[in-house]
Amino acid sequence: MNDILVLDNVCAYYDELEIIQNLSLQFDKGIISIVGRNGMGKTTLMKSIMGLVKTTGSIKFKGTEISNLPPYQRAKLGIGYVPQGKRNFPSLTTEEHLTFCEKKAPPGTPEKNIWTIDRVYQVFPRLYERRNLSGTSLSGGEQQMLAIARALMIQPQLIIMDEPSEGLAPTILDVLVDFFEMISTQSDTCILLVEQNLGFCQRITDRTNVIETGKIPYSGSLKELRANTQLSQKLLGVG
């Protein structure tokens, strides 16, 4: 099996409230998006993969069952997480964030998959310019860059991102699009992206899954979904 991530009949709970219901998902390579309306379980799905909520069912990463592992062990295996809301630390500078998260790549890792602080600065020059500033004193777009850069520093094979475009100016969205394109062409790192901004999603990848009330009723082409007015209205609330 070549899938990097496989979810099989996953249920997720907050206390006794079931949010994700017998959800199955397979993800092999590249970039794929999860889209859906508010309250449908997108963020809960991300937290399920990272072990931040109670789950049942199977979650496998590169063939290894991780559903019983704590979040830090999932990260050590190579899953980076960019949560909604950035969550940078006010007591750390930009560079201290990166240094704190920096992990050596395993022996034999191809150079294109190795991330260093210098490489992060090449991809996000604004972070270099603001390397001595507190992580929370940055603009919203810069904080999002820092949140992504933190995830890169653990040398991930998979990054899951929760609403990275939220509240960002068009110029910053262009920077993120360039980043995703670089990842697609110059790295083997895979990305699972949760988004509500369908236009932003389609600039990055056409592969998508729709989540609705904790289930996946559609998996396929985002372009075809958006062209099907009746289906996109039903699943996403947009015509």
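Our structure's up above, just so we're on the same page.
What you see is a predicted model, and the numbers here were worked out from it, not measured in a lab.

## Considering the pairing of strand β9 (residues 207–212)
Remark: a regular strand shows side chains that alternate across the two faces of the sheet.
Then step 1. Bridge analysis of strand β3 (residues 31–35) against β9 gives three bridges, and the strand direction is parallel. Within the sheet, the bridge partner assigned to S33 lies in β9 and is T208.
Then step 2. Across five bridges, β9 lies against strand β10 (residues 215–221) in antiparallel orientation. When the bridges of β10 are listed, N209 appears paired with S219.
Then step 3. Counted along the chain from β9 to the antiparallel partner β10, the turn is two residues long, and its residue T213 has a positive phi close to 45°.

## Here we look at helix α7 (residues 170–186)
An α-helical segment advances 3.6 residues per turn. Residues three or four places apart therefore align on the same side.
Then step 1. Taking 1.5 Å as the rise per residue, α7 with 17 residues should run 24 Å; its terminal C-alpha atoms sit 24 Å apart, in good agreement.
Then step 2. Those residues of α7 not exposed but buried are I172, L173, L176, V177, F179, F180, M182 and I183.

## Quick word on the sheet that holds strand β1 (residues 5–14)
Strand pairs in the sheet, formed through backbone hydrogen bonds, run parallel or antiparallel to each other.
Then step 1. Taken together, the four strands give an open sheet; going across it, the order is β2-β1-β4-β5, and neighbouring strands pair in antiparallel fashion. Each end of this open sheet is capped by a strand with a single partner; those strands are β2 (17–27) and β5 (64–65).
Then step 2. Of the pairings in the sheet, the one linking strand β4 (residues 54–61) to β5 comprises two bridges and is antiparallel in character. Residue pairing for β5: K60 is matched across the bridge by E65.
Then step 3. On top of the sheet, helix α1 (residues 42–50) reaches β1, β2 and β4; it is set at about 110° to β1, its chief contact.

## As for the packing of helix α3 (residues 94–101) against helix α6 (residues 140–152)
Then step 1. Running from N to C, α3 and α6 point in directions that differ by 20°, and their axes come no closer than 8 Å. Here α3 is positioned roughly parallel relative to α6, judged by the angle of their axes. Regarding α3 and α6, the two cross each other, and that crossing is right-handed. Only L146, A149 and R150 of α6 make contact with α3, whose side of the interface consists of T94, H97, L98 and C101.

## Here we look at the packing of α6 against α7
Then step 1. One way to put it is that α6 packs onto α7 with a least axis distance of 10 Å and a crossing angle of 20°. Between α6 and α7, the angle is such that the two are roughly parallel. Our pair here, α6 against α7, has a crossing hand that is right-handed. Every residue of α7 that contacts α6 at G141, Q144, M145, I148 and L152 is listed here: I172, V175, L176 and F179.

## Re the sheet that holds β10
Then step 1. One open sheet accounts for six strands, arranged β6-β7-β8-β3-β9-β10; its pairing is mixed. For this open sheet the edge positions go to β6 (79–82) and β10, each flanked by a neighbour on one side alone. Strand-to-strand twist across the sheet, computed as the mean angle between neighbouring axes with direction ignored, equals 20°.
Then step 2. Packing against the sheet, helix α10 (residues 229–236) makes contact with β3, β9 and β10, and its axis sits at approximately 50° to β9.

What counts and what doesn't
- Residues numbered from 1 in each chain as written.
- Predicted model: local features only at pLDDT ≥ 70, side-chain atom pairs only at ≥ 80, totals over all residues.
- Heavy atoms only, no water.
- Pairing = 2+ DSSP bridges.
- Helix = DSSP H or I, 4+ residues; strand = E, 2+ residues; numbered from the N terminus.
- Expected span 1.5 Å × (residues − 1).
- Buried < 20%, exposed > 50% of the residue type's maximum accessible area, 1.4 Å probe, protein only.
- Contact = heavy atoms within 4.5 Å.
- Axes fitted to C-alpha atoms, helices over the stretch in contact; angles between N-to-C directions.
- Parallel < 35°, antiparallel > 145°, perpendicular 65-115°, else oblique.
- Left-handed = near helix turned anticlockwise from the far one by under 90°.

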